[in-house]
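Structural overview
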Amino acid sequence: SNGSKTKAYSLNTSLAPIYSSASYVSRNITAGAWATQVLPFPTTITENKPEAYTLNAQNEDNGTLTLTFQKVEESAGTLSLEANVPYLLWFDTKPEEYTLTSGGNVTMTLTPQTSSTTDFALAGTYQTIYTTAEDNIYVIPGGQTDKENFSIRLSVGGRVLPFRSYFAANDVTPAKINILI
């Protein structure tokens, strides 16, 4: 560690909609690892682009739940992320700076959408969530560097930081969860 600290600020969503002429989110990124993201404004990325994915489908077979994700395609070398949509992100290399901006005047509704399947959803938050077993919130544990084969786990006594996404189970506790990218 170089002594830097990451700060996470929650947004007061009761103030929505918020009108802003310039908005940004900046965060530390680990190369070769999964990250999650939800933004209250749309943005485009032309440099240091991650691969972005949204939850697409699920299949259950003998207690094994498989979640399938769809890659967000670039257009003319630009990756566009929508406001309030939760994403999974993969960075092959660590960007020197990862700051996402609104690019101008924007109205922020501060209501994250949910990419949902029957039993699981990929949801986002603008406030810190302190998790309990009853929340049925699953997260990607740190240290997973295999892009094609990673796992999620139930988060108990943890937290989900603002501008992040998480998996929300709908009254289901599968014996095993597979992720397909």
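This section reports on the structure supplied with the text. Just so you know, these numbers come straight off a predicted model, no measurement behind them.

Reading the values: rules and limits
- Note that residues are indexed from 1 along each chain, following the sequence as it is written.
- This being a predicted model, a pLDDT of at least 70 is required before a residue's local features are given, and a value of 80 or more before pairs of side-chain atoms are given or counted; all residues contribute to the totals for chains, interfaces and linings.
- With hydrogens and water excluded, all non-hydrogen atoms of the structure serve as input to the side-chain values.
- Side-chain atoms within 4.5 Å are what join buried Ala, Val, Leu, Ile, Met, Phe, Trp, Tyr and Cys residues into a set we call a nonpolar core.
- Relative accessible area decides the class of each residue, using a 1.4 Å probe on protein chains only: under 20% of the type maximum gives buried, over 50% gives exposed, and in between gives partly exposed.
- Helix and strand assignments follow DSSP, with helices taken as H or I runs no shorter than four residues and strands as E runs no shorter than two, numbered in order from the N terminus.
- Both cavities and pockets are sets of points on a 1 Å grid over the protein atoms alone; in a cavity a 1.4 Å probe fits but cannot get out, in a pocket the set is open with protein on both sides within 12 Å along at least five of seven lines, and lining residues sit with an atom within 4 Å of a point.
- Grid points are joined across faces, edges and corners, and a volume is the space filled by probe spheres set on the points.
- We call Asp, Glu, Lys and Arg charged. Ala, Val, Leu, Ile, Met, Phe, Trp, Tyr, Cys and Pro are nonpolar, and the rest, Gly among them, are polar.
- By convention in these notes, a salt bridge is any Lys or Arg side-chain nitrogen within 4 Å of a carboxyl oxygen on Asp or Glu.

Turning our attention to the nonpolar core. Counting residues in hydrophobic clusters, the biggest one holds 18 residues, and the most contacted among them are Leu-67, Phe-69, Leu-88, Phe-120, Ile-152 and Phe-167. Of all the elements in the fold, those that place two or more residues in this core are strand 5 (51-61), strand 6 (64-71), strand 8 (87-91), strand 12 (120-125), strand 17 (164-169) and strand 18 (176-180). Counting eleven residues, the second-largest nonpolar core is a separate cluster that includes Ala-35, Ile-45, Val-72 and Leu-89.

Another point: the layout of surface pockets. The computed volume of the largest pocket comes to approximately 700 Å³. Across the lining of the largest pocket, the residue classes tally to twelve nonpolar, eight polar and four charged.

Turning to the pattern of salt bridges, a few remarks are in order. According to the stated counting rule, one finds two salt bridges in the structure shown. Put simply, Glu-74 and Lys-49 hold a salt bridge, and the shortest N to O gap is 3.1 Å. With a gap of 25 residues between them, Glu-74 in the loop between strand 6 and strand 7 (79-81) and Lys-49 in the loop between strand 4 (43-45) and strand 5 connect regions that are remote in the sequence. The partly exposed category is assigned to Lys-49, whose relative accessible area is 30%. For Lys-147, the salt bridge identified is with Glu-51, shortest N-O distance 2.7 Å. Of this pair, Lys-147 sits in the loop between strand 14 (137-139) and strand 15 (153-154) while Glu-51 sits in strand 5, placing them 96 residues apart in sequence.

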